[in-house]
Every structure is written in structure tokens, then in C-alpha cells.
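# Structural characterization, general
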Amino acid sequence: MTRGEHLSFRTGADFELELDYVVVGSGPGGSAAASLLSRAGRTVALCEAGAWRDTPHMPASVFGALRDLFSDFGQLMARGRSMIPIVQASCVGGTGVINSAICVRTPESVLEGWGTDHGLGDFLTPAAVERAQTEIEAELDVAAMGDGQLGRHDRLLLEALAMTDREAHPTSRNARDCRGSGACLQGCPTGAKRSANLTWVPEVLTAGGCVLSCAPVARVVFEGERAVGVRGRFQNPDRTYRGPRGAAFRVRARRGVLVAGSATGSAPLLARSGVRLPALGKGFRAHPGSGVIGIYPERVDPLIGTTQGASSIHHSDDLGIKLESLTLPLDLLPGRLSGAGATLARSLAESSHMAMWVAAVNAEAQGSVRCARLPTFRGGPYGKNIVSYQPTKKDVARLRAGCATLARLHFEAGATRVLPGIHGVPVELDRDRVHLIEEAPLDNRAWTWILSHLFGTCALGDDPARSVVGPDLHVHGRRALHVVDASCLPTTLGVNPQHTIQAVARLTAERLANCEAA
Amino acid sequence: MSASVRKRWRRTQVRVLSAILPPTSFVPGIDHERCSDFLARYRREVPFLMQLALNLSVLVFLFSPPLTGAGLRPALALSPVRLERHCAGLARHRIYHLRQATLMLKTVAGLVWGADPAVRDSLGLAPYAEDPRDRRRS
Ligand SMILES: Cc1cc2nc3c(=O)[nH]c(=O)nc-3n(C[C@H](O)[C@H](O)[C@H](O)COP(=O)(O)OP(=O)(O)OC[C@H]3O[C@@H](n4cnc5c(N)ncnc54)[C@H](O)[C@@H]3O)c2cc1C
Ligand code: SF4
């Protein structure tokens, strides 16, 4: 093969290549690191389990998105008392392709905590993170959404927050030219969302690196304690494919291996590769969330406007929740509404009068991720992983307070009824009965949760008993093995994570490039 | 499974999904033909566990009327009024796994219903374009 080549699914002879670095996973973390290393003159191979889809390839329907973009058809669940869906993508660009593109800088309080509690003060200084994030914002067209881009559901939330003297802002997103199609979950049909499949990954190719798509890495390869490459086998992304199996690949890394398979993918990969550390796979954290739908007398047309154009951090400190507007595709709405049969159909008939707002909890719960012993049937990398996680009573109480707040905000904005979607609470509530949300059960099985902001399982830190990656940025006890995705963040953030993941990945890559230069 | 058994089973699945998401005077319900085509695609394309989950959920729906007080007969043999009671009862049943089975049925019904051009039109939404189902190959 030649440099600057994209290798997708292929059969036939096994092959081997050698470059300076191998990066596993092309989400916000992996792609940020890979592009920085490429700019520093290093050759990089970026191995991604999913396919590479450009703007014209983006699916329109949710079923198409589940099949073409999501990890293992979106079937990964966090198991605990309740089953909570974990939403992740598996494609070039990672979950950044299906996310809502919101970019929020890392709160200083979080960096302070990482400095004092995890020994990261020298590495992740506020100044360094700010510099990285300023550069990223310029590269990815990050801009606050303008009035013409917001949907009515966004504007209603902003108005309700303003009326009640709460902090409110239009979101800043890496989609300056967003056309408000509300289809972020299906990738972006207009190319406005500057996810890595359109930006940093092509840059790796242009700089002479290689991109391997449909290429799940099975193992990191070691010589002694040093990581020297990865190996895997191409997998056809089409489940109906019945031809010969994919070719095996082996990529040798002269300088190092960077793992960025996400908070659910990196730890199992390291474990499969023989890394044994007490904290590996532990400390899985999240911002679990749920929403409240308001029904308005006039049309809201919730599918018109940016996917998530309005946000508030007003209750970040007192309630530990962030409030946001959300566009839910029509195909997913029945699963979110209470009831079945005629009750469900009646609610659906009002869908153009609905606005959905969500509360994301900065949760204290911790869980774990491990490899399943049983193989899955033609599963992707996540299908073989098991996530155990259960929000605590305190987390449920926070969500409950958040949902009650959202319900009241809906009424401020003019809603006539709300649909809380909580088991044990009536399907619809009017203004006088919002208190029923506050009295809803604290059993997490009563709530419709979703997990999309994930953290930990390969945490950075100075204590090998509590972390996987040391402040020298190598996995404890190994050389030339690094982790650059959401899994290395030692705590939750309380804000949307991709910007922090990108900054940490980029600073890690910068340090690696500088150390070698020195 | 023989072709005829499979066909009968698919018809049952379609009827269950239609009961979960029936038509109203404002919006159409599940279109049987579209739903049948969708289920054929679903069977071909989704992972085994998701097929299993759908099939188990359909079975739960069919045989749980005694648990919802809707009667002793299988769900699809109930009168329309009792079938409606069964749907409502299952969706808010105190047993979590029964609620989860209903959620699975609602999710699959939603995938068919929300992509139906007739439904989208009735709600003032443009039809979906065809999924290109393609990727960068080199
Ligand atoms: C619906 C949704 C909306 C969101 N909205 C926002 C938002 O608006 N703003 C925000 O900040 N965050 C948002 N997030 C969260 C954000 O997208 C994630 O936190 C972020 O993408 C995580 O980045 P990552 O690099 O850690 O992992 P991912 O983005 O998940 O990427 C990991 C990649 O690694 C690949 N991989 C895994 N294992 C292997 C292997 N063995 N071999 C090869 N490849 C492998 C996967 O296929 C995947 O493509 C959202 C998430 C979801 C689901
Ligand atoms: S709302 Fe539509 S146009 Fe805007 S970024 Fe999302 S998918 Fe792209």
C-alpha cells in the first residue's frame, strides 16, 4: 500500500504496514490526536471499526442510522436494576457523527479537581486546555446558534428560562452553517456538522497517513512492556454480506499506540490485550438523562431547527443537572411516550405541537465495563462488551427535580399539558399536578433514561490503584501505550464532553510529539 | 422455520404492532404492507439479540392478557375494547419486564410508523429520502 491511502473492507491476503503511530478509534478523541500527530510530521494509521460515510452517504431514516452509523445497531444497554440504552456510533468520526455538535469548554472547577485529586495539574492546566479549545473551535467552525437556526422548541425554552430569571443560552456548536434540519442523530445531511469524518480524518490522509475503516482492532501487540502495534481483521459493515471473511491486518507502530475506542470500547480492548490493572474497566460514569414533553396550543414543529439549540447551566450547582432542548426524530417518538394502543396514538397525533426538553444529570453513580465471554452474532466491538451501571437514589432524585423544573418551565412557556413519561405518574399532567413528578418513585426502573455522555474506565491519574494512565501519559506499567478518549477522563464534567475529550487528546498528542522532538 | 410458518408469524407480528400503534382520525396507524416489508428487512439486518427481543416481546404481548385483566384469550383474539385495555395495561404494568417488552414493541412500531410517507405527510413532514446505504470504499 501507499501512504495517504484509505483501506476499507477487503478479503484476500493478510497484510502488514508500519508507521509512526497507530490510533485505534476515530471519534472526537482519536481523530483529534491523529490530526495533531500528522501535523507534527508523524505518519499515523487510524484504525476504525466502523465504515467511513461522507455527507451523501448519510441515512435519512432512524433505522438506516441504527444500521449504518450506530454501534452494533444501538443494542448496547447498561445493565443494573434497570436496562438503560447506551447510544454510541461506530463509524469514521465516531459518536461525533451522530451527536448534537454542542461544544462547551471544560469548567475550571473540573480541571482544579483533576489537579488536586488526580495529579493532573501539570498536564491539564487551565491555560493549556483553553489554548487547545480555542484552536479547535476555529478549526471546527464552532459558533453560537443564531436566531434563524433555532427551532421553536429551542426558543420556547430560552423564553421560559428568561421569564423565570434563569441562565439561558443558545448552544455553541461545531456547525456554524447548520440549516436546522434536526437530523443530527442520522449524521448530518448537509455537511454543516464538522464531525471528524469530514475534517480531521481526511487531514490524516492528506498528511500521508493511512485510514483503515471497517477495521476493528482485536488486540494491541506488545514486545515486552512496549506497545508495538495492533492487529485485527476487516469486517464487512453489511450484515447481509455472506462472502469470504475479511483480511487480517497488522499495523506496526514505531513510536506508539493510542487507544480511543470510547468509554465502553477502550478498556475491553486493553483487557483483551493482556493489560491487567485494578482500575481498568472500573469507574464508568455518565450523565444519564431523561426528558419532559410539553404540548402547546399552537404548532411547535419540533423537527424544524437545530437538534439542540437551547441550554441552561442554571441548575448545574444546586441540582447537578443541565437543561437542554432536544429534537427527537418521529421514528423514535413512540418509544419515548407513555402508553400503548389508543393512548399512544392520541399522543402521537399531537406531535407537531410538542416540545421536548431534557435534563442531564451529573451523576455520582459508577459502574464498570468488561468483555463478554460469549461471542455475539456478527457483533461489532461494543456488542462484546458488558456495561454494568445503575443510577443511585441521589441521581434519580436529581433527575426528578430536573423533570419537575422542566414541566414548570413548559407551563411558563404556554404549554397546556406535559407528558412526563414516568412510570407511576399519569400519562398527562396539567399545571396543578406537576407536584406528582416531585412525588414520583426514586426507583430507577420508573424512569426512561438514556446514556450518551460517558466517562472513565481507563482514567488518567497518578495513583495506579485508581487510574490506568499515568501523568506521564503512558498506561501504568507499559511503554508507548496511551489512551485519548472519553475513557481517560477521571470524572464526569457536568457539561457536554466532546470538547474536553478533543482537548485532552490533542494535548496528549502534542506532548508525545514534543517529547520525541526533545 | 418453514416459509409458511414464517409468513404466518410475520402476519402476527404486524397485527401486534398495529395494536400497539393503531390509527386515529388524525394520523394513520401502521401500514400492514410496509410493516411486513420492514420486518423482512429487520430479520435480515439486525443482530440476533434484537430479533430475539422482538419475537419474545410479541409472545409476551400475545399471551399476557390474564396479567392485564383483559381476559384469558390470546391478545389477538380479544375484542377491540379488551385489546385496548390490554395494550394500556401492559404499558403501565408493575412488572418491569412486561413494560420493557411493550417498549420494544413501541420502538419497532415507531421505526415503521415514523418513516411512513403517509404518516409524515399527515403531520406536515417531508418524506424521508431513500437511505443511500453506501460508504467510502477507497
Ligand atoms: C446522541 C448523542 C448526542 C451527543 N451530543 C453531544 C453534544 O452535542 N456535545 C458533546 O460534547 N457531546 C455529545 N455527545 C457525546 C459525545 O459524542 C461523546 O462523548 C464523544 O463522541 C466520545 O468520544 P470518544 O472519542 O471517546 O468515543 P466515540 O466518539 O464513541 O468514538 C469511538 C470510536 O472508536 C471505534 N472503536 C471502538 N473500539 C474499536 C476497536 N477495537 N477498533 C477500532 N475502532 C474501535 C468506534 O467504532 C468509534 O467510532 C453525544 C452523544 C450522543 C450519543
Ligand atoms: S441540525 Fe441538521 S443541518 Fe444542523 S448540524 Fe444537525 S443535521 Fe446538520
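Structure report, in brief.

### Overview of the overall build of chain B
Scanning chain B from terminus to terminus reveals 7 helices and 0 strands. When the helices and strands of chain B are placed in sequence order, the string is α-α-α-α-α-α-α. C-alpha extents for chain B along the principal axes are approximately 55 × 40 × 30 Å. In chain B, 58% of the contacts between residues at least 6 apart in sequence involve partners at least 24 apart. Taken as a whole, chain B presents about 7200 Å² of accessible surface, with 57% of it coming from carbon and sulfur. Of the side-chain charges in chain B, 22 are positive and 10 negative, and the distance between the mean point of each set is 12 Å.

### A short note on a nonpolar patch on the surface
A grouping of Phe-48, Leu-49, Leu-52, Leu-56, Leu-59 and Phe-63 of chain B is seen on the molecular surface, where their side chains present a nonpolar patch of about 560 Å² in accessible area. Note on placement: Phe-48 of chain B falls in helix α3 (residues 48-63).

### Here we look at the site of ligand 1
All names here are of chain A. Close contacts around ligand 1 come from 37 residues, with Glu-48, Ser-90, Thr-95, Ile-102 and Gln-498 the closest. One of the backbone N or O atoms of Gly-29 is found 3.0 Å from an oxygen atom in ligand 1. Mapped onto the shell around ligand 1, the elements with two or more residues apiece are α1 (28-39) and α12 (498-517). Here the residues of the shell around ligand 1 sort into 20 nonpolar, 15 polar and 2 charged.

### Considerations on the site of ligand 2
The immediate surroundings of ligand 2 are formed by 16 residues, with Cys-178, Arg-179, Ser-181, Cys-184 and Cys-188 of chain A found nearest. Its residues assigned to classes, the shell around ligand 2 shows 6 nonpolar, 7 polar and 3 charged.

### Description of the packing of aromatic side chains
Within this structure, the stated rule accounts for 7 aromatic pairs over all chains. Centroid distance Phe-9 of chain A to Tyr-241 of chain A: 5.2 Å. Interplanar angle 75 degrees. Geometry classified as edge-to-face. One end of the pair, Phe-9 of chain A, is in the loop between β1 (6-7) and β2 (15-24); the other, Tyr-241 of chain A, is in the loop between β11 (226-233) and β12 (248-259), and 232 residues separate them in sequence. By relative accessible area, Tyr-241 of chain A is classed as partly exposed at 22%. A ring pair is formed by Phe-15 of chain A and Phe-234 of chain A, whose centres lie 5.9 Å apart and whose planes are at 25 degrees; its orientation type is stacked. Taken as a pair, Phe-15 of chain A in strand β2 and Phe-234 of chain A in the loop between β11 and β12 lie far apart in primary sequence, 219 residues in all. Through pairs of rings, three or more aromatic residues link up here, namely Phe-63 and Phe-73 of chain A together with Phe-38 and Tyr-42 of chain B. Directly above the aromatic system of Phe-222 of chain A lies the positively charged group of Arg-478 of chain A, at a separation of 4.3 Å from the ring centroid. For Arg-120 of chain B, the ring lying beneath its charged end belongs to Tyr-128 of chain B, and the centroid distance is 3.8 Å.

### Side note on the sheet that holds strand β20 (residues 417-419) of chain A
Residue and element names in this part refer to chain A. With respect to topology, 6 strands assemble into an open sheet ordered β7-β15-β16-β17-β14-β20, the strand pairing being antiparallel. Every other strand in the sheet has two partners, leaving β7 (169-170) and β20 as the edge strands with one partner each. Inspection of the sheet shows strand β14 (residues 289-295) paired to strand β17 (residues 354-361) by 7 bridges, in the antiparallel sense. Bridged to Gly-289 within β17 is Ala-360. Against the sheet, helix α10 (residues 393-413) contacts β14, β16 (321-326), β17 and β20, and its axis sits at roughly 150 degrees relative to β17.

### Structural notes on the sheet that holds strand β21 (residues 454-455) of chain A
What links the strands of a sheet is backbone hydrogen bonding, and the strands pair in either a parallel or an antiparallel sense. Residue and element names in this part refer to chain A. Pairing within the open sheet is mixed, and its 6 strands lie in the order β5-β4-β19-β18-β13-β21. On the outer flanks of this sheet lie β5 (83-85) and β21, each paired with one strand and no other. Pairing analysis gives 3 bridges linking strand β4 (residues 77-79) to β5, with the strands arranged antiparallel. Its bridge partner lying in β5, Ala-78 is registered against Ile-84.

### Side note on the nonpolar core
Nonpolar side chains tend toward joint burial in soluble globular proteins. Val-220, Val-251, Leu-270, Trp-357 and Leu-481 of chain A are the most contacted members of the largest nonpolar core, which totals 140 residues. Sorting elements by how many residues they give to this core places α10 of chain A first, with 9 residues. The next biggest cluster of nonpolar side chains, apart from the first, holds 66 residues, and it includes Met-58 and Cys-91 of chain A together with Met-50 and Leu-62 of chain B.

### Observations regarding unusual backbone geometry
A positive phi angle is found at Thr-457 of chain A, which is not glycine, with a value near 100 degrees. Mapping Thr-457 of chain A onto the fold places it in the loop between β21 and β22 (481-483). With a phi close to 55 degrees, Arg-133 of chain B is a non-glycine residue in the positive phi region. In this structure, Arg-133 of chain B sits in the segment after α7 (117-122).

Thresholds, definitions, all that
Residues numbered from 1 in each chain as written. Chains lettered and ligands numbered in written order. Predicted model: local features only at pLDDT ≥ 70, side-chain atom pairs only at ≥ 80, totals over all residues. Heavy atoms only, no water. Helix = DSSP H or I, 4+ residues; strand = E, 2+ residues; numbered from the N terminus. Contact = heavy atoms within 4.5 Å. Areas by Shrake-Rupley, 256 points an atom, 1.4 Å probe, with all protein chains shown as cover. Lys, Arg positive; Asp, Glu negative; His and termini not counted. Charge placed at Lys NZ, Arg CZ, Asp CG, Glu CD. Patch = residues over 30% accessible without salt bridge, like charges linked within 9 Å, V, L, I, M, F, W, Y side chains within 5 Å. Salt bridge = Lys/Arg side-chain N within 4 Å of Asp/Glu carboxyl O. Near = heavy atom within 4 Å. Polar contact = N/O pair within 3.5 Å; in protein donor to acceptor, adjacent residues only side chain to side chain. Nonpolar A, V, L, I, M, F, W, Y, C, P; charged D, E, K, R; others polar. Phe/Tyr/Trp six-rings, centres within 6.5 Å; stacked < 30°, edge-to-face > 60°. Buried < 20%, exposed > 50% of the residue type's maximum accessible area, 1.4 Å probe, protein only. Lys NZ or Arg CZ within 6 Å of the ring centre and 35° of its normal. Pairing = 2+ DSSP bridges. Axes fitted to C-alpha atoms, helices over the stretch in contact; angles between N-to-C directions. Core = buried A, V, L, I, M, F, W, Y, C linked by side-chain atoms within 4.5 Å.

Interpretation note: all reported values are geometric properties and have no functional meaning in isolation.
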